Amino acid sequence: PQRLPTKASDLELVSLAGSPRTMSSPMHHATPLGQFKKDLLARVSSMGIAWRFILDPMCQGVMSYADFCKAARRICFDGDKRRVWLELDPTRSGKVMLADLDAKIASELHSFHTRITARYGTVELAEAQMGLQHGKRLKRHDFCKLVWSRRLVATSNAA
């Protein structure tokens, strides 16, 4: 499966919340949503990265049903798309956010963003302070070491 790169300048994308190929909540492959998540994790290392690069590549913060169907086709998901969507959007709002896909990852990324903006003002200023401008890429391990050394994460589960 194709592995999508993580740009170091996308500070909020790196999921420091779990190890690669794990999810923060139990996965039930028997459900269409469980199978969809399994298919996502066959392509990328976390739900946070799946959200950023597959489900919300335009960084809108929400995904419509049409966006979801496009993403499902891109990963060759052959399950019941409508049932997956209904599991993700039980209130039928027509929009899904990362928190609907993985609440724990969404919460931890929000906390990480809060720490970044509290310290640096904006993500862009944080990138500049850490030398991560102009699309500079770091390996996951190097990025985790960088944010750990600056005490931007609560624990060192990052490497």
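Treat the numbers as computed from the prediction; the structure is a model and nothing was measured.

### Quick word on the pattern of salt bridges
This model, assessed by the stated rule, comprises one salt bridge. Here Glu108 and Lys104 are joined by a salt bridge, their closest N and O atoms 3.9 Å apart. Taken together, the residues span about one helical turn, with Glu108 and Lys104 both in helix H6 (residues 103-120) at a distance of four residues.

### What about unusual backbone geometry?
In the Ramachandran plot, Arg92 falls in the positive-phi region, its phi being about 60° despite a non-glycine side chain. Here Arg92 is to be found in the loop between helix H4 (81-88) and strand S2 (95-96). Judged by its relative accessible area of 58%, Arg92 falls in the exposed class. Even without a glycine there, the phi angle at Arg151 is positive, about 55°. By the element assignment, Arg151 lies in the segment after helix H8 (140-149).

Analysis parameters
Residues numbered from 1 in each chain as written. Predicted model: local features only at pLDDT ≥ 70, side-chain atom pairs only at ≥ 80, totals over all residues. Heavy atoms only, no water. Salt bridge = Lys/Arg side-chain N within 4 Å of Asp/Glu carboxyl O. Helix = DSSP H or I, 4+ residues; strand = E, 2+ residues; numbered from the N terminus. Buried < 20%, exposed > 50% of the residue type's maximum accessible area, 1.4 Å probe, protein only.

That's the geometry; what it means functionally is another story.
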